[in-house]
Amino acid sequence: DIGLSNVAFVYLEATFVEMCKSSMPAVVMLLSVLSGLEPFSFFQMGLVLLICIGLGISSFGEANFSIIGFVVVMVAVLMGSTKLVISQYLIQG
């Protein structure tokens, strides 16, 4: 997570990396629902969709957009989110 985030800084502006990393709560929620830790909620899915739309809008306006950097930062978000979901699963037993 940390290493890939640092690699993303080579390809993207720091502000854009932080905007992408702000999608982590949405990814954690999606992974929690998929793994059965949290119940499905249409309201929460609507919020996740809103976050994804906002991320898409911010990506569209980025002047120095790099697909490689975007993929790297999103993989970092996925890895960090997976770590949090696994930790929650282990805590709940």
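Heads up: these notes are all about the structure in this document. (Residues numbered from 1 in each chain as written. Predicted model: local features only at pLDDT ≥ 70, side-chain atom pairs only at ≥ 80, totals over all residues. Heavy atoms only, no water.)

## Some details on the packing of helix α2 (residues 14-21) against helix α5 (residues 67-92)
Now for step 1: In contact at an axis separation of 9 Å, α2 and α5 are set at 40° when each is read in the N-to-C sense. Judged on the interaxial angle alone, α5 and α2 are oblique. Considering how the two elements wind past one another, α2 and α5 form a crossing that is right-handed. On the side of α2, the interface is formed by Phe 16, Val 17, Cys 20 and Lys 21, while α5 contributes Phe 70, Val 73, Met 74 and Val 77.
Now for step 2: Residues of the contact of α2 with α5, tallied by class, amount to seven nonpolar, no polar and one charged. (Axes fitted to C-alpha atoms, helices over the stretch in contact; angles between N-to-C directions. Helix = DSSP H or I, 4+ residues; strand = E, 2+ residues; numbered from the N terminus. Parallel < 35°, antiparallel > 145°, perpendicular 65-115°, else oblique. Left-handed = near helix turned anticlockwise from the far one by under 90°. Contact = heavy atoms within 4.5 Å. Nonpolar A, V, L, I, M, F, W, Y, C, P; charged D, E, K, R; others polar.)

## Topic: the environment of Val 72
Now for step 1: Inspection of the secondary structure assignment puts Val 72 in helix α5.
Now for step 2: Val 72 sits 53 residues away from Met 19 along the chain, and the two C-alpha atoms are 14 Å apart.

## So, the environment of Ser 32
Now for step 1: Note on placement: Ser 32 falls in helix α3 (residues 24-35).
Now for step 2: Judged by its relative accessible area of 10%, Ser 32 is buried.
Now for step 3: Considered as a pair, Ser 32 and Gln 88 are 56 residues apart in the sequence and their alpha carbons are 8.9 Å apart.
Now for step 4: Residue contacts for Ser 32: discarding those within four places in its chain leaves Leu 37, Glu 38 and Val 85. (Buried < 20%, exposed > 50% of the residue type's maximum accessible area, 1.4 Å probe, protein only.)

## Here we look at helix α4 (residues 42-60)
Now for step 1: The first and last C-alpha atoms of α4 sit 27 Å apart over 19 residues, in line with the 27 Å expected at 1.5 Å per residue.
Now for step 2: Of the positions making up α4, those classed as buried are Met 45, Val 48, Leu 55, Ser 58 and Ser 59. Seen from one end, α4 has its buried residues packed into an arc of 145°, which puts them on one side. In α4, the exposed residues that point more than 90 degrees away from the buried face are Phe 42, Phe 43, Leu 49, Leu 50, Ile 57 and Phe 60.
Now for step 3: Of the surrounding secondary structure, the elements contacted by the buried residues of α4 are α2, α3 and α5. (Expected span 1.5 Å × (residues − 1). Arc of directions from axis to C-beta.)

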